[in-house]
Amino acid sequence: MTLMFGGIGAQPCAGKPNGVGRLPSDPLGSFTLILKNSVRGSRYVIERPSDDSLATPTGSAEGVIPAGAGTVTDHAVTLDYYAPGSSNNNLRITLRNASGTPAYRSFETQIVAQAGSVIAYCSQEPEE
Amino acid sequence: MPTVNSADFQIATNGNLRRAASPATTDIYNVLDLHAWLQDLADNSVASGDDNLSIRKRNPSELAGKRNATRPSALTLLNGVNIDDTVAQFLKFGSVEQDSGNVLYTGLKSIGSPLVAASPIYIVQGTSKVTRWWGAASGHIQILLKCKTGGALISSGDVTGYSRKHGQTFAHFDANLAAGGEQVLALSTQLDGAITMAAGNFAGGANTITLTSPAGVVTLTFADTTQSLGGVSKLYKGTISWTNSMRLSEVYQALQWGASEDSTATFNSVPGWRYRALDQARGIGSSYVEVPAAPFGTFSGGKLFAAQGWWIDVGSLNAADLKAYQLISHDGTVVTPPSSAVVSIGNLVAGDRVLVGKDDGIDDFDKATGITASGSAAATTVTLSGAPASDVPTGAGYISINENPHTYTGISGVTVSGLSPAVPGGGYSGAAVWFPLIDTTADAATESSGNFVMGSGASFVARVRVRNSAIPIVPYETTFDVTEAGGGGSNNTIRDVE
């Protein structure tokens, strides 16, 4: 729903310009999720365990840790966070790298989204 | 990298991992290969084709320990992923657990040398043969076998692997699959030179094996019997007997066939193909020593070494086999037959009256047995006042009662049966008895006594008397020694025409 306030001196609404109102289900903003110590070449996906849907924005919620120097790296992903208490802030991170050599066991962890940045330390165990 | 051909299997959205409708190969994969393939699929961003796995699905499998292609892999299927018995037939070298541990397929591998090429191996789980999918001429096997379902072990996880092909020595080995991984069956077979008859020569029945050539029937009786052999009285738990005086070499072949994979015989209701020992067949749990190579006993050097608990019916023995066997009584005592003998008189003509018996040392027969017989008129059975001496034939033989000659078909204890002619009118009551070795009118050139047992080192002097009123000859009478050496003595009548 969009509320339009006409006239001079319209006030911002919930930080939104031009009187655009935020729905309770809308994110409050973006935060940086750092997948610390993630193995390069691993595929990752960030989902909501409540319904197995992708975190938002969905385009950022899955991808591959890029190649580069070294075996591991700290990979940053920008995602939405929601009002405190929202189940959308509960996120499950899955990293998989079982097709290459060496193969790694599947790694899962969970974080709670919040403003600023959240670090998820990834301990991917080699399987060989 | 996994080597599983993706076209061989398919994974439904509910986790059912099954053989594809049209598999590309019939390859058998290591359990590790299956895990690597599942993990590779689970790395995909989205599912594709008929393999419904991706990073968006939960982890499908977990390995106990590191990936190591040199050792069996213990794999756990997770999050609803499961295989069925058909898929398990295409896996080896490890175990697969699923359904939160309620279902377990364990690896089973046979080893052992020597093993005759293409030796068939079959597995018994509980009391049933596992339907074989690995080929009847497989040689050594490496398979996965379900040992747990619905949270309960099948037969406590116990299985037995057998290789029992007629013409080869046999083998069997017990294993328990409950621990998962890969368990071992130690099996070894060789060609059995003592087997000369084809399997088609035998037919099985309940406690019997029938031979076509030579014609005969081997019968196994599952009952206690106390028997004396060589002066050693022991308890046995079963008796092997047979017809037609077959040789022990032939009886052995029949018994081996009876315990072979293709046997149709049952032994005390136990199928021959899983018969192992007499105590197990009778359910008496006496821990008999098994003879995997030949469950009823081995045959070597012309001698049958019977398995524990079996008594060999002496009356069934061919004269040439009287000493060609060894027994093990119920209590584990090795018992060997004493010397046995058969006395034969030759150069006879039909009508000769032949009488052979122990010599009394004063030119007559030793008739002083101290035994009497009683029996009703027309009866074919008489009761003795005491057991006869051990050197009286217990199979067919001759008995003189009140100087009346009779033949009999058997003596058991103090009972003489199969009397011919039957007890005459008036019956016998305390009638004097002695046991000629031969007491007959010849109808052939040679007449022989029944098999009788000689005590070790024993010998005696026998007297023979031959007369013929129709073809007058000087009555032939002489004595000869009967010893344990060589199985008895023989004598040829000297015919001097009167």
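Numbering of residues starts from 1 in every chain and runs along the sequence as written. Here every chain gets a letter starting at A, and every ligand a number starting at 1, in the order they are written. For a predicted model such as this one, the threshold for reporting local features is a pLDDT of at least 70, and the threshold for listing and counting side-chain atom pairs is 80 or more; totals across whole chains, interfaces and linings nevertheless cover every residue. Hydrogens and waters are ignored; side-chain quantities use all the structure's heavy atoms.

Engineer: An account of the overall build of chain B is needed here, citing residue identities and associated values.
Structural biologist: Numbered from the N terminus, helices here are DSSP runs of H or I no shorter than four residues, and strands are runs of E no shorter than two. Along its length, chain B carries 4 helices and 44 strands. Here the radius of gyration uses the C-alpha set of atoms, whereas the globule reference equals 2.2 Å times the residue count to the power 0.38. The C-alpha atoms of chain B give 33 Å as radius of gyration, which overshoots the globular expectation for 498 residues (23 Å, by more than 25%). If you line up chain B on its principal axes, its C-alpha atoms span 115 × 40 × 35 Å. Only heavy atoms matter for contacts: two residues are in contact if any of them lie within 4.5 Å across the pair. Sequence-distant contacts in chain B: of pairs separated by 6 or more residues, those separated by 24 or more amount to 59%. Entry remark: accessible area of chain B is about 20,400 Å², with carbon and sulfur atoms responsible for 49%. Each charge sign in chain B was given a centre, from 31 positive and 41 negative side chains, and these centres are 10 Å apart. With residues, only the protein chains shown are counted as cover, and all accessible areas are computed by Shrake-Rupley using a 1.4 Å probe. Under the convention used here, Asp and Glu are negative, Lys and Arg are positive, and both His and the chain ends fall outside the count. A single reference atom marks each charge: NZ on Lys, CZ on Arg, CG on Asp, CD on Glu.

Engineer: Please give an account of helix α1 (residues 31-42) of chain B that cites residues and values.
Structural biologist: Residue count minus one, scaled by 1.5 Å, sets the expected span of a helix. Here α1 of chain B is 12 residues long and its end C-alpha atoms lie 17 Å apart, about the 16 Å a rise of 1.5 Å per residue gives. Exposure is judged per residue with a 1.4 Å probe applied to protein chains only, and the accessible area is read against the type maximum: over 50% gives exposed, under 20% gives buried, and values in between give partly exposed. For α1 of chain B, the complete set of buried residues consists of V31, L32, D33, L34, H35, A36, W37, L38, Q39, L41 and A42 of chain B.

Engineer: Which residues make up the sheet that holds strand β16 (residues 202-205) of chain B, and what values do they have?
Structural biologist: Residues and elements named next belong to chain B. Paired strands, as defined in this entry, are two strands with at least two bridges between them according to DSSP. Pairing within the open sheet is mixed, and its 5 strands lie in the order β16-β17-β18-β21-β26. Each having just a single partner strand, β16 and β26 (310-312) make up the two edges of the open sheet. Going across the sheet, the axis of each strand differs from the next one's by a mean of 20°, ignoring polarity. As defined by bridge partners, strand β21 (residues 238-242) adjoins β26 across 3 bridges and the pair is classed as parallel. Directly across from I240, in β26, lies its bridge partner I312. Only C-alpha atoms enter the line fits that serve as axes; for helices the fit covers just the stretch in contact. Angles between N-to-C directions range over 0 to 180 degrees.

Engineer: Lay out the side chain of T25 of chain B with the relevant residues and their values.
Structural biologist: Residue and element names in this part refer to chain B. Tracing the backbone shows T25 in the loop between β2 (17-19) and β3 (29-30). A polar contact of 3.2 Å, which involves the side chain of T25, links it to the backbone nitrogen of D27. Excluding residues within four positions of it along the chain, T25 makes contact with N5, D8 and R19. Think of a polar contact as two N or O atoms within 3.5 Å of one another; within protein, one of them needs to be a possible hydrogen donor and the other a possible acceptor, and neighboring residues in sequence only count if both atoms come from side chains.

Engineer: Give a detailed account of the sheet that holds strand β32 (residues 371-375) of chain B, specifying residues and quantitative values.
Structural biologist: Residue and element names in this part refer to chain B. Overall, antiparallel pairing links the 7 strands, which are arranged β35-β34-β38-β32-β33-β37-β36 in an open sheet. Strands at the two margins of the open sheet, each flanked by one partner only, are β35 (404-408) and β36 (410-412). In this sheet, neighbouring strand axes are inclined to one another by 35° on average, regardless of whether the strands run parallel or antiparallel. Judged from the 2 bridges that link them, strand β34 (residues 397-401) and strand β38 (residues 428-434) form a sheet pairing that is antiparallel. Each residue of the ladder has a partner; that of S400, found in β38, is W434.

Engineer: Before we move on, can you summarise the packing of aromatic side chains with the specific residues and values?
Structural biologist: A ring pair, where both rings are aromatic, is described by two values, the distance of the centres and the angle of the planes. Residues and elements named next belong to chain B. Centres within 6.5 Å make a pair out of two Phe, Tyr or Trp rings, where for Trp the six-membered ring is used; the pair is then stacked when the planes are under 30 degrees apart, edge-to-face when over 60, and tilted otherwise. For the structure shown, the criterion picks out 14 aromatic pairs over all chains. Here F267 and F296 contribute two aromatic rings whose centre-to-centre distance is 5.0 Å and whose plane-to-plane angle is 75°, an arrangement assigned as edge-to-face. Highlighted residues: F267 in strand β22 (residues 266-267) and F296 in the loop between α4 (278-282) and β24 (297-300), separated in sequence by 29 residues. When sorted by exposure, F267 lands in the same class as F296, which is buried. Measuring from centroid to centroid gives 5.8 Å for F296 and W310, while their planes differ by 50°, and the two rings are tilted. Of this pair, F296 sits in the loop between α4 and β24 while W310 sits in strand β26, and the two are 14 residues apart along the sequence.

Engineer: Can you tell me about the pairing of strand β27 (residues 325-328) of chain B, naming the residues and giving the values?
Structural biologist: Looking along a regular strand, one sees the side chains alternate between the two faces of the sheet. All names here are of chain B. Pairing of strand β25 (residues 303-306) with β27 involves 2 bridges; the strand directions are parallel. Paired with F305 across the bridge in β27 is Q326. Note that β27 and strand β28 (residues 334-335) share 2 bridges and pair antiparallel. Bridge assignment links I328 to a residue of β28, and that residue is V334.

Engineer: With reference to specific residues and values, describe the pattern of salt bridges.
Structural biologist: In the sections that follow, a salt bridge refers to a side-chain nitrogen of Lys or Arg positioned within 4 Å of a carboxyl oxygen of Asp or Glu. Going through the model one piece at a time under the given rule, you end up with 21 salt bridges over all chains. Among the ionic pairs, D84 of chain B bridges to R18 of chain B, the shortest N-O distance being 3.5 Å. Pair noted here: D84 of chain B is in the loop between β5 (73-77) and α2 (85-88) and R18 of chain B is in strand β2, with a separation of 66 residues, a long-range link. Look at R18 of chain B and you get partly exposed, because its relative accessible area is 22%. Several salt bridges share partner residues, and in doing so they unite R105, E125 and E127 of chain A together with K66 and R67 of chain B into one network.

Engineer: Which residues make up the side chain of E182 of chain B, and what values go with them?
Structural biologist: Residues and elements named next belong to chain B. Within the secondary structure layout, E182 lies in strand β15 (residues 182-186). It is K109 that comes nearest to the buried, bridge-free E182 among opposite-charge side chains, at 4.9 Å. A polar contact is formed between the side chain of E182 and the side chain of Q142, at a distance of 2.9 Å. Residues contacting E182, with those up to four places away along its chain left out, are P72, F93, G94, G107, L108, K109 and Q142.

Engineer: Describe the interface of chain B and chain A, listing the residues and the values that go with them.
Structural biologist: Taken residue by residue, the interface counts 18 residues in chain B and 22 residues in chain A. In this description, buried area is defined as the sum, over both parts, of the accessible area (probe of 1.4 Å) that is lost when the two are combined. When chain B packs against chain A, close to 1,700 Å² is buried across both sides, 37% of that on carbon and sulfur atoms. For the pair chain B and chain A, the interface holds 5 salt bridges. As a salt-bridge pair, E108 of chain A and R58 of chain B come within 3.0 Å of each other at their nearest N and O atoms. In this assembly, chain B and chain A are joined by 16 residue pairs in polar contact (both at pLDDT 80 or more). Of all the secondary-structure elements, those providing two or more residues to the side of chain B that touches chain A are α1 and β4 (61-63) of chain B. Sort the elements by how many residues they give to the side of chain B that touches chain A and α1 of chain B lands first, with 4 residues.

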